[in-house]
Amino acid sequence: MRSETGERALGLLRSRDDWTAPSLAHELGVSVRTVHRLLAEFRERGLPIEASRGAGGGIRLGWSYGLDGLRLGHRDTLQVLLALAVAERVGGPLMTARLPAVRQRLGLALPQQQRSAVSRLRRRVLVGASASPAVASTYGSIKPSIAVRIHEAFLAQRALRIAYRDGSGATSARKVEPHYLLFNPPCWYLLAWDSGKDAARHFRLDRLTDAGVAEEPFTLRPSKQLMLDVDTFFDGL
């Protein structure tokens, strides 16, 4: 009976975040003292039971309980956190009001070294002025397979071998270091160091026709070294 009651209690705690001991006791058909015993048992089992006192207080199952089942790897977690950071920077207030808190709580699940890595990644995503209507109207989709390789090279700080089609339609093969991503709404650009030309170059992501991750790592360069002529760049390539 205790096991069945405990499973019901867990189900109720998963269903919403605003439980109190009396409300749980009422739903379970047990005493408040029994509820407190169940909560103590859950904590002994390592479940993240959170409780707060006062008029607005309550009992809830901590956020990490549900995330444990996702089994996210280190790289997946970094990508989720990076995506949240990007959304936080570029989204509207109605859609992103809770994102900073969500990102911070997810970050707490990582060791300090990995949290530092996430912080460094966030600084490598830049947000600029909106693209001109002429540029925005010509911006196309990014191939999913290419996006995956860009993510991999960007996160691992490894060189990329790319095929790039410029505005005139000419295609060239490059080997680049993917230092920064720049969002010029609605256009995404790669701010890179072109190894062949030994110079900074910018690439519209929708104009990459192929990409492959190389073995060579690179040391991050200051963003100012990659920005070139910002006013011209914001007008589009």
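Structural data are supplied above this passage.
Given the structure is predicted, the values throughout are model-derived calculations rather than measurements.

*Asks:* Help me understand the overall build of the chain, please; the structure alone is not making it clear to me.
*Replies:* Tallying secondary structure elements over the chain gives 12 helices and 8 strands in all. Expressed as a percentage of the 237 residues in the chain, the buried residues total 37%. In the chain, the share of contacts with a sequence separation of at least 24, taken over all contacts with a separation of at least 6, comes to 64%. Carbon and sulfur atoms form 52% of the exposed surface of the chain, whose accessible area is close to 13,400 Å².

*Asks:* Can you walk me through the pairing of strand β7 (residues 199-204) in this structure?
*Replies:* A regular strand places its side chains on the two faces of the sheet in alternate fashion. Burial of β7 is extensive: 5 of the 6 residues sit out of reach of the surface. Pairing of strand β6 (residues 187-194) with β7 involves 6 bridges; the strand directions are antiparallel. Pairing of D194 across the sheet is with A199, part of β7. Once β6 ends, the chain turns through 4 residues before running back antiparallel as β7, passing D198 with a positive phi of about 50°.

*Asks:* Explain helix α2 (residues 21-28) here, please?
*Replies:* Counting along an α-helix, one turn takes 3.6 residues, and residues three or four places apart therefore face a common direction. Within the span of α2, buried status applies to A21, L24, A25 and L28. The arc enclosing the buried residues of α2, seen along the axis, measures out at 100°, which places them on a common side. The exposed residues of α2 that point more than 90 degrees off its buried face are P22 and H26. The first or second residue beyond α2 is G29, which carries a positive phi of 75°.

*Asks:* Is there a simple way to explain the packing of α2 against helix α3 (residues 32-44) in this structure?
*Replies:* For any two helices packed against each other, the geometry comes down to the angle between their axes and how far apart the axes lie. It is at 8 Å that the axes of α2 and α3 come closest, and there the two elements cross at 100°. In terms of their interaxial angle, α2 and α3 are classed as roughly perpendicular. Listed contacts from α3 to A21, P22, L24, A25 and L28 of α2 are V32, V35, H36 and L38. Its residues assigned to classes, the contact of α2 with α3 comprises 8 nonpolar, 1 polar and no charged.

*Asks:* How should the side chain of R204 be read in this particular structure?
*Replies:* For R204, the position within the fold is in strand β7. A residue is classified by how much of its surface remains accessible, and R204, at 2% relative accessible area, is buried. A polar contact of 3.1 Å, which involves the side chain of R204, links it to the backbone oxygen of T138.

*Asks:* I would appreciate a short explanation of unusual backbone geometry in the present structure.
*Replies:* Excluding glycine, residues mostly carry a negative phi; peptide bonds, for their part, are mostly trans. Of the consecutive residues P185 and P186, the connecting peptide bond is found in the cis state with omega at 5°. Within the element layout of this structure, P186 appears in the loop between β5 (171-184) and β6. The backbone of D198 sits at a positive phi, close to 50°, despite the residue not being glycine. With respect to the helices and strands, the residue D198 is situated in the loop between β6 and β7.

*Asks:* How should the nonpolar core be read in this particular structure?
*Replies:* Buried together is how nonpolar side chains tend to be arranged in soluble globular proteins. Grouped together as the largest cluster of nonpolar side chains are 30 residues, with contacts concentrated most on L160, I162, V176, L190, L191, F203 and L208. Looking at this core, the elements with two or more residues in it are α10 (144-156), β4 (158-165), β5, β6, β7, β8 (208-217) and α11 (223-227). Top contributing element to this core by residue count: β6, with 6 residues. Discounting chain neighbours no more than four positions away, the residues touching L160 are R149, I150, A153, R174, K175, V176, P178, L190, A211, G212 and V213. In this structure, L38, F42, L47 and I59 belong to the second largest nonpolar core, which totals 17 residues.

*Asks:* Help me understand the pattern of salt bridges, please; the structure alone is not making it clear to me.
*Replies:* When the charged atoms of two side chains lie near each other, side chains of opposite charge can form a pair. Summed over all chains, the structure comprises 5 salt bridges. With a closest N to O distance of 3.5 Å, D210 and R149 form a salt bridge. Pair noted here: D210 is in strand β8 and R149 is in helix α10, with a separation of 61 residues, a long-range link. The class of D210 is partly exposed, set by a relative accessible area of 39%. On the basis of relative accessibility, which here comes to 30%, the residue R149 falls in the partly exposed class. Between E216 and K175 there is a salt bridge, and its shortest N-O distance comes to 2.6 Å. Here K175 lies in strand β5 and E216 lies in strand β8, a separation of 41 residues in the sequence. Among the residues examined, E216 registers a relative accessible area of 33% and is labelled partly exposed. For K175, a relative accessible area of 24% corresponds to the partly exposed category.

Thresholds, definitions, all that
Residues numbered from 1 in each chain as written. Predicted model: local features only at pLDDT ≥ 70, side-chain atom pairs only at ≥ 80, totals over all residues. Heavy atoms only, no water. Helix = DSSP H or I, 4+ residues; strand = E, 2+ residues; numbered from the N terminus. Buried < 20%, exposed > 50% of the residue type's maximum accessible area, 1.4 Å probe, protein only. Contact = heavy atoms within 4.5 Å. Areas by Shrake-Rupley, 256 points an atom, 1.4 Å probe, with all protein chains shown as cover. Pairing = 2+ DSSP bridges. Arc of directions from axis to C-beta. Axes fitted to C-alpha atoms, helices over the stretch in contact; angles between N-to-C directions. Parallel < 35°, antiparallel > 145°, perpendicular 65-115°, else oblique. Nonpolar A, V, L, I, M, F, W, Y, C, P; charged D, E, K, R; others polar. Polar contact = N/O pair within 3.5 Å; in protein donor to acceptor, adjacent residues only side chain to side chain. Core = buried A, V, L, I, M, F, W, Y, C linked by side-chain atoms within 4.5 Å. Salt bridge = Lys/Arg side-chain N within 4 Å of Asp/Glu carboxyl O.

None of the figures reported here should be taken as evidence of function without further support.
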